[in-house]
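Architecture and fold: a report
Given next are the chains, with one letter for each unit.
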Amino acid sequence: MSESNVSLKVEFSGGLELLFSNQRSHKVAVPGTVPTKYNDPSSPSKPADIAFLIHYLRDNLLKERVELFMENDTVRPGILVLVNDTDWELEGEGQYVLKEGDEIVFISTLHGG
Amino acid sequence: MPPRTCALCSTNRAMLKRPKTGQQICRECFFYVFETELFKPGDRVAIGASGGKDSTVLAYVMKTLNERYNYGLELFLLSIDEGITGYRDDSLETVKRNQQQYSMPLKILSYDELYGWTMDAIVSQVGRKNNCTFCGVFRRQALDRGASMLGVDHIVTGHNADDIAETVLMNIMRGDIARLGRCTSICTQGEDTIKRSKPFKYAYEKEIVMYAYFKKLDYFSTECIYSPDAYRGHARVFLKDLEAARPSAIIDIIHSGEAFEIREEVKATQKVQQTCKRCGYMSSNDLCKACTLLEGLERGMAQAGITDRGRKKLESEGPAPENLRTIPFYQPPSAGNAAILLEAP
Ligand SMILES: [Zn+2]
């Protein structure tokens, strides 16, 4: 896996930032190619996608209470994901392949009225 | 049958019987009542503002529509300060920014001012188990009282479809038939209370959040530090799981809530509304819930307003002392009693 990294801007809001050092905006670089099964180098490789990014953020940026961020290998219901300002449901959700310079935003809808 | 004249203008010929009121009215009056159902020009409307996403979007949308369609409404922000250090004081800063951004007058009414107790003080006496009961009862009454001080005709709140579906579920789980019947109506008005409505009844939480995101609205999103309303929390998570499996679940649950019909025999057993003997607020008992809770706090028997056993214990200790702190007597809304002390912009 010699391919270079993909740099991204990742943002958390709606209260999610509290789980990530209370910092909204993060610069993140992830490998361009990753194993299909997270953390299993023996599985076939695939281009890094949002499903990978979610796991990567959990293991590298998340500071507390993983259950408020992830559930069943994806984000917890009630967290919206935007890819360059577009609802990820229109972009293939977890299967969206990350590109250099992408802005990925995670917003919790679960906090406060 | 001879033609009938309109029950509203007494001039034109009635063309329609209104299903809601049974009134026979003419075409022009029908258009008028239909179009002004929610708001009338000149109405004074308070937006219950917490600084959170829902009420921030509501304030923005109300302002925008009022200007775009010339509703002619006079809009106010009304915030309740529960007295929760590190939570409400921060969110009130957001409301104060909204006051500037939307140039709307703001009134803040605090629990401390109204009840003599902040939530911080209540929690230090009752602990974290039942504090949401106090907060909910106190907030409801504080909103009505704040609105009455502002002399408004109408309170709008930011409850969205997810909130209403959540409330339907909770009322079913608790078997609270009276509330189940009420909680899905967009607009409620009792005899002594100010009209209340929930314009976002059909707006999904996702839409509210996306709207705020695209419009770059400034809102506050931190969970209440005392928020252990575990029951509501479970209902909320359950609902989000249902929604993930089938997005229509939210609207379907609201619809189910609306479709419940309460049998007349059951209605007859429900308590009639009266006014609280101590503070004048509407109540289904001699004392309203807030007065009962407050008396319990003041006499160091906080359980009095929560359980029947606590209530009996309080009563067995004799009548309330003369010098008991009470809530100021409620002035039902009427034009002209507005004594407004607004926040300086
Ligand atoms: Zn009372």
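Residues numbered from 1 in each chain as written. Chains lettered and ligands numbered in written order. Predicted model: local features only at pLDDT ≥ 70, side-chain atom pairs only at ≥ 80, totals over all residues. Heavy atoms only, no water.

Condition: UniProt positions are given in the numbering used here, feature names are shortened, and annotations may be inferred rather than shown by experiment.
Within an unreviewed UniProt entry, the label attached to chain B reads Cytoplasmic tRNA 2-thiolation protein 1, and the organism entered is Roridomyces roridus. Regarding chain B, the relevant UniProt record gives this comment under Pathway (unreviewed entry): "tRNA modification; 5-methoxycarbonylmethyl-2-thiouridine-tRNA biosynthesis."

Within an unreviewed UniProt entry, the label attached to chain A reads Ubiquitin-related modifier 1, and the organism entered is Roridomyces roridus. Among the UniProt annotations of chain A, the heading Sequence similarities (unreviewed entry) holds the following wording: "Belongs to the URM1 family." The record held by UniProt for chain A lists under Subcellular location (unreviewed entry) the comment "Cytoplasm".

Examining the pairing of strand S2 (residues 25-31) of chain A
Successive residues of a regular strand alternate their side chains across the two faces of the sheet. Residue and element names in this part refer to chain A. Keep this limit in mind: Only protein chains enter the accessibility calculation, which uses a 1.4 Å probe; a residue is then buried when its area is under 20% of its type maximum, exposed when over 50%, and partly exposed in between. Counting from the N terminus, the helices are DSSP H or I runs at least four residues long and the strands are E runs at least two residues long. In this analysis, strands are considered paired if DSSP registers two or more bridges between them.
Of the two faces of S2, the one holding His26, Val28 and Val30 is buried and the one holding Ser25, Lys27, Ala29 and Pro31 is not buried anywhere. As paired strands, strand S1 (residues 5-13) and S2 are joined by 7 bridges and run antiparallel to one another. When the bridges of S2 are listed, lysine 9 appears paired with lysine 27.

A closer look at the coordination of the zinc ion
Residue and element names in this part refer to chain B. Cut-off, in case you're wondering: Here the coordinating atoms are restricted to nitrogen, oxygen and sulfur within 2.8 Å of the metal centre, or 3.2 Å for Na, K and Ca, and because water is not among them the sites may look incomplete. The rule is simple: four donors are tetrahedral if all their angles sit between 85 and 135 degrees, four are square planar and six octahedral if opposite donors span more than 155 degrees and the others lie between 65 and 115, and anything that fits none of that is irregular.
Those donors, Cys276 (SG), Cys279 (SG), Cys288 (SG) and Cys291 (SG), are the protein atoms that reach the zinc ion, and they lie 2.2 to 2.3 Å from it. Its 4 donor atoms give the zinc ion angles of 106 to 115° at the centre, a pattern that matches the tetrahedral case. When the donor residues of the zinc ion are listed from N- to C-terminus, their spacing reads C-x2-C-x8-C-x2-C. With cysteine 276 in the loop between strand S9 (274-275) and strand S10 (282-283) and cysteine 288 in the loop between S10 and helix H13 (289-298), this pair connects stretches of sequence that are 12 residues apart. For the pair shown, cysteine 276 and cysteine 288 are each scored as buried.

Things to note about the packing of aromatic side chains
Aromatic ring pairs are defined here through the distance separating the ring centres and the angle between the ring planes. To be explicit about the condition: Classification of ring pairs uses Phe, Tyr and Trp, with its six-membered ring standing for Trp, and accepts pairs whose centres are within 6.5 Å; under 30 degrees between planes counts as stacked, over 60 as edge-to-face, and the remaining range as tilted.
Within this structure, the stated rule accounts for 19 aromatic pairs over all chains. On the basis of an interplanar angle of 50° and a centroid distance of 5.8 Å, the ring pair of tyrosine 38 of chain A and phenylalanine 52 of chain A is categorised as tilted. Of this pair, tyrosine 38 of chain A sits in the loop between strand S3 (33-35) and strand S4 (45-47) while phenylalanine 52 of chain A sits in helix H1 (residues 50-60), and the two are 14 residues apart along the sequence. Summarising the aromatic geometry, the rings of phenylalanine 30 of chain B and phenylalanine 34 of chain B are spaced 5.8 Å apart at their centres and angled 40° between planes, so their arrangement reads as tilted.

Examining the nonpolar core
Residue and element names in this part refer to chain B. To be explicit about the condition: Buried residues of nine kinds, namely Ala, Val, Leu, Ile, Met, Phe, Trp, Tyr and Cys, make up a nonpolar core once their side-chain atoms join them within 4.5 Å. Here the bounds of each domain stem from an automatic or database domain assignment. Residue contacts follow a heavy-atom distance rule, with two residues in contact if any of their heavy atoms lie within 4.5 Å.
In this structure, Tyr111, Tyr115, Met119, Phe138 and Ile327 are the most contacted members of the largest nonpolar core, which totals 41 residues. Looking at this core, the elements with two or more residues in it are strand S4 (74-81), helix H4 (111-115), helix H5 (119-126), helix H6 (131-150) and H13. Built from parts of two domains, this core gets at least three residues from each of domain 2 (38-267) and domain 3 (274-316). Ignoring sequence-local partners within four residues, the contact set of methionine 119 consists of Glu82, Gly83, Ile84, Tyr111, Asn131, Cys135 and Tyr226. Counting residues in hydrophobic clusters, the runner-up holds 31 residues, among them Phe39, Ala59, Val95 and Val156.

Things to note about the interface of chain A and chain B
The test is simple: For any pair of parts, buried area is found by adding up, for both, the accessible area (1.4 Å probe) each one loses once the two are put together. Note on definitions: salt bridges are taken to be side-chain nitrogens of Lys or Arg within 4 Å of carboxyl oxygens of Asp or Glu.
Contact residues are listed per partner, giving 20 residues for chain A and 20 residues for chain B. Counting each side, the surface lost to burial between chain A and chain B is near 1700 Å², with a carbon and sulfur contribution of 56%. Counting across the chain A and chain B interface gives 2 salt bridges. The partner of glutamate 89 of chain A in a salt bridge is lysine 206 of chain B, and the shortest N-O contact between them spans 3.0 Å.

Considerations on the packing of H5 of chain B against H6 of chain B
Residues and elements named next belong to chain B. Definition in use: Orientation is described by axes fitted as lines to C-alpha atoms, over the contacting stretch for helices, and by angles from 0 to 180 degrees between their N-to-C directions. It is the rotation of the near helix from the far one that decides the hand of a crossing: anticlockwise by less than a right angle makes it left-handed, clockwise makes it right-handed. Lys, Arg, Asp and Glu make up the charged group, whereas Ala, Val, Leu, Ile, Met, Phe, Trp, Tyr, Cys and Pro make up the nonpolar group; the residues left over, Gly among them, are polar.
Put simply, H5 and H6 touch, their axes get as near as 10 Å, and they point 145° apart. Relative to H6, H5 is oriented so that their crossing is right-handed. Contact with H5, carried on its side by Met119, Ile122, Val123 and Val126, involves Asn131, Phe134, Cys135 and Phe138 of H6 and no other residues of that element. Its residues assigned to classes, the contact of H5 with H6 comprises 7 nonpolar, 1 polar and no charged.

Points about the sheet that holds strand S3 (residues 44-48) of chain B
Residue and element names in this part refer to chain B. Here 6 strands make up an open sheet; going across it, the order is S5-S4-S3-S6-S8-S7 and the pairing mixed. Of all the strands in the sheet, the pair left with one neighbour each is strand S5 (106-110) and strand S7 (187-188). The sheet contact formed by S3 and strand S6 (residues 154-156) spans 3 bridges and is parallel. Residue pairing for S6: alanine 46 is matched across the bridge by isoleucine 155. Where helix H3 (residues 88-101) meets the sheet, its contacts fall on S4 and S5, and the angle it forms with S4 comes to roughly 170°.

Here's the deal with the UniProt feature "binding site: ATP" (unreviewed entry) in chain B
Residues and elements named next belong to chain B. Keep this limit in mind: Throughout this description, a polar contact denotes any pair of N or O atoms lying within 3.5 Å of each other; where both atoms belong to protein, one of them has to be capable of donating a hydrogen while the other can accept it, and for residues adjacent in sequence the pair is counted only when both atoms sit in side chains.
Mapped onto the present numbering, the UniProt feature "binding site: ATP" (unreviewed entry) falls at Gly48, Ala49, Ser50, Asp54, Ile80, Gly158 and Asp163. Structurally, glycine 48 is set in strand S3. Those residues in contact with glycine 48 that lie beyond four places of it in its chain are Ser55, Leu78, Leu143 and Val156. Along the chain, the position of aspartate 54 falls in helix H2 (residues 53-68). Only 3.3 Å separates the side chain of aspartate 54 from the side chain of lysine 53, close enough to count as a polar contact.

What to know about the UniProt feature "domain: Cytoplasmic tRNA 2-thiolation protein 1 C-terminal" (unreviewed entry) in chain B
With numbering aligned to this structure, UniProt lists the feature "domain: Cytoplasmic tRNA 2-thiolation protein 1 C-terminal" (unreviewed entry) at residues 274-303 of chain B. Helix makes up 33% of residues 274-303 of chain B and strand makes up 13%, while its end C-alpha atoms are separated by 24 Å.

Quick notes on the pattern of salt bridges
All names here are of chain B. Going through the model one piece at a time under the given rule, you end up with 29 salt bridges over all chains. We note a salt bridge from glutamate 295 to arginine 299, for which the minimum N-O separation is 2.6 Å. Arginine 299 shares its class with glutamate 295; the two are buried. Several salt bridges converge on common partners, so that one network encompasses Lys53, Asp54, Asp162, Asp163, Glu166, Glu205, Arg236, Lys240 and Glu243.

Looking at the sheet that holds strand S7 (residues 79-83) of chain A
Here we have 5 strands laid out as an open sheet, ordered S2-S1-S9-S7-S8 (chain A), and mixed in their pairing. The sheet is open, and its two borders are formed by S2 and strand S8 (86-87) of chain A, each paired with just one other strand. The sheet contacts of H1 of chain A involve S1, S2, S7 and strand S9 (103-108) of chain A, and relative to S2 of chain A the element is tilted by about 115°. Relative to S7 of chain A, helix H9 (residues 205-214) of chain B is tilted by about 45°, and along the sheet it contacts S7, S8 and S9 of chain A.

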